[in-house]
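Each chain is listed here by its residues.
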Amino acid sequence: MRIYGIVLLTFLICCTGCSQDTSTTSQQTSKPSTTAITNHTSKLEQKPARETSKRVTTRKSQSRAHKSYAALSRLRHKYPQIFKNNGSSQSRKIALTFDDVPDAFTNKVLDTLKKYNVKATFFIVGYKAEAHPEIVRRMVREGHLVGNHSYNHPLLTKIPMAKFERQILRTDAILYRIVGYHPKFIRPPYGEINEQQVRWAGRQGYIIVNWNVDSQDWRGLSASKVSKNILSTTKPGSIILQHAGGNEGGALNGTLEALPYIIERLERQNYQFVTLTEMFHIPRNR
């Protein structure tokens, strides 16, 4: 009996130990699971905060764009002889304009325009003209108009007047050496310009020209989207914005592919493609 009692006592002690080990193991196993749930919940709780931040950023961006548009609209109404973004709605004349030129990609756009015998206006970046004067000469030789797009494409509203003046006058001098005249038209990079700059441009004999049809091709859009953006908004007197320079990564391939279709469609609608001098009936030389 004594031996049986000892054996029974030993068995009970072992069972108690196993139970404690099992409990401990269960607790240890449960901890990672609890932690994982907590982390997952934390991420879910943080997500609306990030989305809210994005919405705030978007609203701020839209607000800045609206203010910029309103400011430019006021300038156009205040200085209609100096600042333009469209021609007469009484004529079916429209203007193709191409920014950020010249570079190697520009020649491909010129080839297409030559094939269709269409004349356009090219806004020249000064340092690019220094690097590719032969392309600028080709533009003029083939009947296109050149305009001033600053020397190195800064946001003009963020630089002092002295630097703004140098941006324009330096490019003007470069173009005069290449083509033999001082271009009349300025297109500010990003379309942004302030009142002091507009007034200075007017005193110097320049005209500021933006656009009222935006292809948005700089976003790397497909040919179909570029075509839709242009064809859906073009009307008599439209000035159409595209780009013929800066094709990094093929971003402007959609523009090149869309151009023949755009020309053919608009010509079938009896639109006439003109340069800005023809649209506004003013000389090319300031």
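Residues numbered from 1 in each chain as written. Predicted model: local features only at pLDDT ≥ 70, side-chain atom pairs only at ≥ 80, totals over all residues. Heavy atoms only, no water.

Engineer: An account of the side chain of aspartate 217 is requested, with residue identities and associated values reported.
Structural biologist: Inspection of the secondary structure assignment puts aspartate 217 in the loop between strand S7 (213-214) and helix H7 (223-231). Salt bridges are absent for the buried aspartate 217, whose nearest opposite-charge side chain, arginine 219, sits at 9.3 Å. Reaching out from aspartate 217, the side chain makes a polar contact with the side chain of threonine 255 at a distance of 2.7 Å. Apart from residues no more than four positions distant in its own chain, aspartate 217 is found in contact with Val226, Gln242, His243, Ala251, Leu252 and Thr255. (Helix = DSSP H or I, 4+ residues; strand = E, 2+ residues; numbered from the N terminus. Buried < 20%, exposed > 50% of the residue type's maximum accessible area, 1.4 Å probe, protein only. Lys, Arg positive; Asp, Glu negative; His and termini not counted. Salt bridge = Lys/Arg side-chain N within 4 Å of Asp/Glu carboxyl O. Polar contact = N/O pair within 3.5 Å; in protein donor to acceptor, adjacent residues only side chain to side chain. Contact = heavy atoms within 4.5 Å.)

Engineer: Break down the confidence of the model for the chain for me, with residues and values.
Structural biologist: Of all residues in the chain, 77% have pLDDT values of 70 or greater, and the mean over the chain is 85. Here residues 1-51 is modelled with pLDDT under 50, and outside its nearest four sequence neighbours on either side it reaches zero contacts, counting other chains as well. (pLDDT = per-residue confidence, 0-100.)

Engineer: With reference to specific residues and values, describe the packing of aromatic side chains.
Structural biologist: Two numbers describe a pair of aromatic rings. These are the distance of the centres and the angle of the planes. In this structure the tally under the stated criterion is five aromatic pairs. Between phenylalanine 185 and phenylalanine 280, the ring centres sit 6.4 Å apart and the planes meet at 35 degrees, which makes this aromatic pair tilted. Highlighted residues: phenylalanine 185 in strand S5 (residues 185-186) and phenylalanine 280 in helix H9 (residues 276-280), separated in sequence by 95 residues. Classification of phenylalanine 185 as buried rests on a relative accessible area of 1%. On the basis of relative accessibility, which here comes to 16%, the residue phenylalanine 280 falls in the buried class. Every member of this aromatic cluster is reached through a ring pair, and the members are Phe164, Trp200 and Tyr206. Directly above the ring of phenylalanine 83 sits arginine 76, whose terminal nitrogen or CZ lies 5.9 Å from the centroid. If you follow arginine 170 out to its NZ or CZ, it ends over the ring of tyrosine 151, 3.7 Å from the centre. (Phe/Tyr/Trp six-rings, centres within 6.5 Å; stacked < 30°, edge-to-face > 60°. Lys NZ or Arg CZ within 6 Å of the ring centre and 35° of its normal.)

Engineer: Outline the pattern of salt bridges, listing residues and values.
Structural biologist: Oppositely charged side chains are able to pair whenever their charged atoms sit close together. The full count for this structure, using the stated rule, is six salt bridges. Notably, a salt bridge pairs glutamate 142 with arginine 138, separated by 2.8 Å at the nearest N-O pair. In this structure, aspartate 172 engages arginine 286 in a salt bridge whose closest nitrogen and oxygen atoms are separated by 3.1 Å. With aspartate 172 in helix H5 (residues 161-179) and arginine 286 in the segment after H9, this residue pair connects regions lying 114 residues apart in the sequence. Through salt bridges with shared partners, a single ionic network connects Asp111, Arg138 and Glu142.

Engineer: Now, about helix H8 (residues 253-268): what can you tell me, with residues and values included?
Structural biologist: The terminal C-alpha atoms of H8, which comprises 16 residues, lie 24 Å apart, in line with the 22 Å expected from a rise of 1.5 Å per residue. Listed as buried for H8 are Gly254, Thr255, Ala258, Leu259, Ile262, Ile263 and Leu266. Close packing links the buried residues of H8 with strand S2 (93-101), helix H2 (104-116), H7, strand S8 (239-243) and strand S9 (272-273). Asparagine 270 sits one or two positions beyond H8 and adopts a positive phi of about 65 degrees. (Expected span 1.5 Å × (residues − 1).)

Engineer: An account of unusual backbone geometry is needed here, citing residue identities and associated values.
Structural biologist: In this chain, valine 101 is followed by proline 102 through a cis amide linkage whose omega measures 0 degrees. Here proline 102 shows up in the loop between S2 and H2. Phi angles above zero are rare outside glycine, and serine 150 is one such case at about 80 degrees. With respect to the helices and strands, the residue serine 150 is situated in the loop between strand S4 (145-148) and H5. Phi is positive for histidine 281, close to 55 degrees, though the residue is something other than glycine. Following the sequence through the fold, histidine 281 ends up in the segment after H9.

Engineer: Tell me about H2, and name the residues and values.
Structural biologist: Along H2, the positions that sit buried rather than exposed are Phe105, Thr106, Val109, Leu110, Thr112, Leu113 and Tyr116. Along H2, the residues classed as buried sweep out an arc of 160 degrees about the axis, all on the same side. With respect to the buried face of H2, the exposed residues turned more than 90 degrees away are Ala104, Lys114 and Lys115. Elements in contact with the buried residues of H2: S2, strand S3 (121-124), helix H4 (133-141), S8 and H8. Structurally, the start of H2 carries an N-cap: the backbone nitrogen of phenylalanine 105 is 3.0 Å from a side-chain oxygen of aspartate 103. Two residues or fewer past H2, asparagine 117 is found with a positive phi of approximately 55 degrees. (Arc of directions from axis to C-beta.)

Engineer: Kindly report on the packing of H5 against helix H6 (residues 195-203), identifying the contributing residues and their values.
Structural biologist: Contact pair H5 / H6: the axes reach a minimum separation of 11 Å and the direction vectors enclose 45 degrees. When the axes of H5 and H6 are compared, the pair comes out oblique. As for the relative orientation of H5 and H6, their crossing is right-handed in sense. Here H5 contributes Met161, Phe164, Glu165, Ile168 and Leu169 to the contact with H6, which in turn contributes Gln196, Gln197 and Trp200. Looking at the contact of H5 with H6 residue by residue, the class counts come to five nonpolar, two polar and one charged. (Axes fitted to C-alpha atoms, helices over the stretch in contact; angles between N-to-C directions. Parallel < 35°, antiparallel > 145°, perpendicular 65-115°, else oblique. Left-handed = near helix turned anticlockwise from the far one by under 90°. Nonpolar A, V, L, I, M, F, W, Y, C, P; charged D, E, K, R; others polar.)

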